[in-house]
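Commentary on secondary and tertiary structure
The chain contents come next:
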Amino acid sequence: QVQLVESGGGLVQAGGSLRLSCAASGRILSMGWFRQSPGKEREFVAGIGGITKYADSVKGRFTISRDNAKNTLYLQMNSLKVEDTAVYYCAASRLSVVVVTASGYGFWGQGTQVTVSS
């Protein structure tokens, strides 16, 4: 059984930084971060498997990384914008490829709130 536990969300001013963490247990191959704002669909942010992928809206500002020894996924978020405000979810898959759709992930964390103020 795979379990994912996120941490690191919070309130930050625009232009600031936050780092999200996701502690994983169980056998997984690729992992990703998604986010969801009220009234919007869950959207892909970044993914990591053999390669890394980013949504265009976060390229150059966010960095996804993974510590395999600790089985922990990270998302370093810099130059945060008000529009980055959302609940951020960690996701994991037993596929080796990075998928950019939520349906490609079978395991999800509980989510952590990120709020960026102006």
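Residue indices follow the written sequence of each chain, beginning from 1 at its first position. Local features in this predicted model are restricted to residues whose pLDDT is 70 or higher, and side-chain atom pairs enter the listing and the counts only when it is 80 or higher, whereas totals over whole chains, interfaces and linings include all residues. Note that the side-chain values use all heavy atoms of the structure and ignore hydrogens as well as water.

1. Observations concerning the overall build of the protein
- Scanning the protein from terminus to terminus reveals zero helices and 11 strands.
- Computation of the radius of gyration draws on C-alpha atoms alone. For the globule rule, the value is 2.2 Å times the number of residues to the power 0.38. For the protein, whose C-alpha radius of gyration is 13 Å, the value lies close to the compact-globule estimate of 13 Å for 118 residues.
- Dimensions of the protein, computed from C-alpha atoms along their principal axes, come out at roughly 40 × 25 × 25 Å.
- Accessibility here uses a 1.4 Å probe with only protein chains present; expressed as a share of the type maximum, an area under 20% marks a residue as buried, one over 50% as exposed, and anything in between as partly exposed. Counting the 118 residues in the protein, one finds 44% classified as buried.
- Residues are treated as being in contact if the distance between any of their heavy atoms lies within 4.5 Å. The long-range fraction of contacts in the protein, counting pairs at least 24 apart against all pairs at least 6 apart in sequence, stands at 60%.
- Of the roughly 6,000 Å² of accessible surface on the protein, 50% is carried by carbon and sulfur atoms.
- Charge-centre separation for the protein: the mean point of 12 positive side chains lies 7 Å from the mean point of 7 negative side chains. The secondary structure listing takes helices from DSSP runs of H or I that are at least 4 residues long and strands from runs of E that are at least 2 residues long, numbered from the N terminus. Reported accessibility uses the Shrake-Rupley method at a 1.4 Å probe radius. Residues are deemed covered only where the shown protein chains occlude them. Lys and Arg are tallied as positive, Asp and Glu as negative. Neither His nor the chain termini are counted. A charge is said to be at NZ when it belongs to Lys, at CZ for Arg, at CG for Asp and at CD for Glu.

2. Section: the sheet that holds strand β3 (residues 18-25)
- Strand order across the open sheet formed by four strands is β1-β3-β8-β7, with antiparallel pairing between neighbours. Where the open sheet ends on each side, the last strands, each with one partner, are β1 (3-7) and β7 (62-67). Geometrically, the sheet is characterised by an average inter-axis angle of 15 degrees between neighbouring strands, direction not taken into account.
- When β7 meets strand β8 (residues 72-77), the two strands line up antiparallel, connected through six bridges. Directly across from Ile64, in β8, lies its bridge partner Leu75. Strands were regarded as paired on the criterion that DSSP finds at least two bridges between them. Note on definitions: angles span 0 to 180 degrees between N-to-C directions of axes, and those axes are lines fitted to C-alpha atoms, for helices only across the stretch in contact.

3. A closer look at unusual backbone geometry
- The backbone of Asn71 sits at a positive phi, close to 55 degrees, despite the residue not being glycine.
- Structurally, Asn71 can be placed in the loop between β7 and β8.
- A positive phi is found at Ser79, a non-glycine position, where the angle reads about 50 degrees.
- The residue Ser79 is located in the loop between β8 and β9 (86-93) in this model.

4. What to know about the state of the cysteines
- Pairs of cysteine sulfur atoms within 2.5 Å are what we label disulfides. Using the criterion set out here, one finds one disulfide in the structure.
- Disulfide pairing places Cys22 opposite Cys90 at an S-S distance of 2.1 Å. Because the sign of the S-S torsion sets the handedness, a value of about -75 degrees for the bond joining Cys22 and Cys90 places this disulfide among the left-handed ones. Of this pair, Cys22 sits in strand β3 while Cys90 sits in strand β9, placing them 68 residues apart in sequence.

5. Overview of the nonpolar core
- By size, the foremost hydrophobic cluster in this structure holds 34 residues, and its most contacted members are Leu4, Met31, Trp33, Leu75, Met77 and Tyr88.
- In terms of residue count, β9 provides more of this core than any other element does, five residues in total.
- Sequence-distant contacts of Tyr88, that is, excluding residues within four places in its chain, are made with Glu6, Leu20, Phe34, Arg35, Val45, Phe62, Leu75, Met77, Gly111, Thr112 and Val114. Buried Ala, Val, Leu, Ile, Met, Phe, Trp, Tyr and Cys residues that are joined via side-chain atoms within 4.5 Å together make up what is termed a nonpolar core.

6. Description of the environment of Trp108
- Locating Trp108 in the fold gives a position in strand β10 (residues 107-108).
- The exposure class assigned to Trp108 is partly exposed, which follows from its relative accessible area of 28%.
- Considering only alpha carbons, one finds Trp108 and Phe34, 74 residues apart in sequence, at a separation of 9.7 Å.
- Other than its neighbours up to four places away in sequence, Trp108 contacts Leu4, Phe34, Arg42, Tyr89, Cys90, Ala91 and Ala102.
- Pairing of N or O atoms within 3.5 Å defines a polar contact, subject to two protein rules: one partner must be a possible hydrogen donor and the other a possible acceptor, and residues neighboring in sequence count only if both atoms are side-chain atoms. Side-chain polar atoms of Trp108 contact the backbone oxygen of Tyr105, separated by 3.3 Å.

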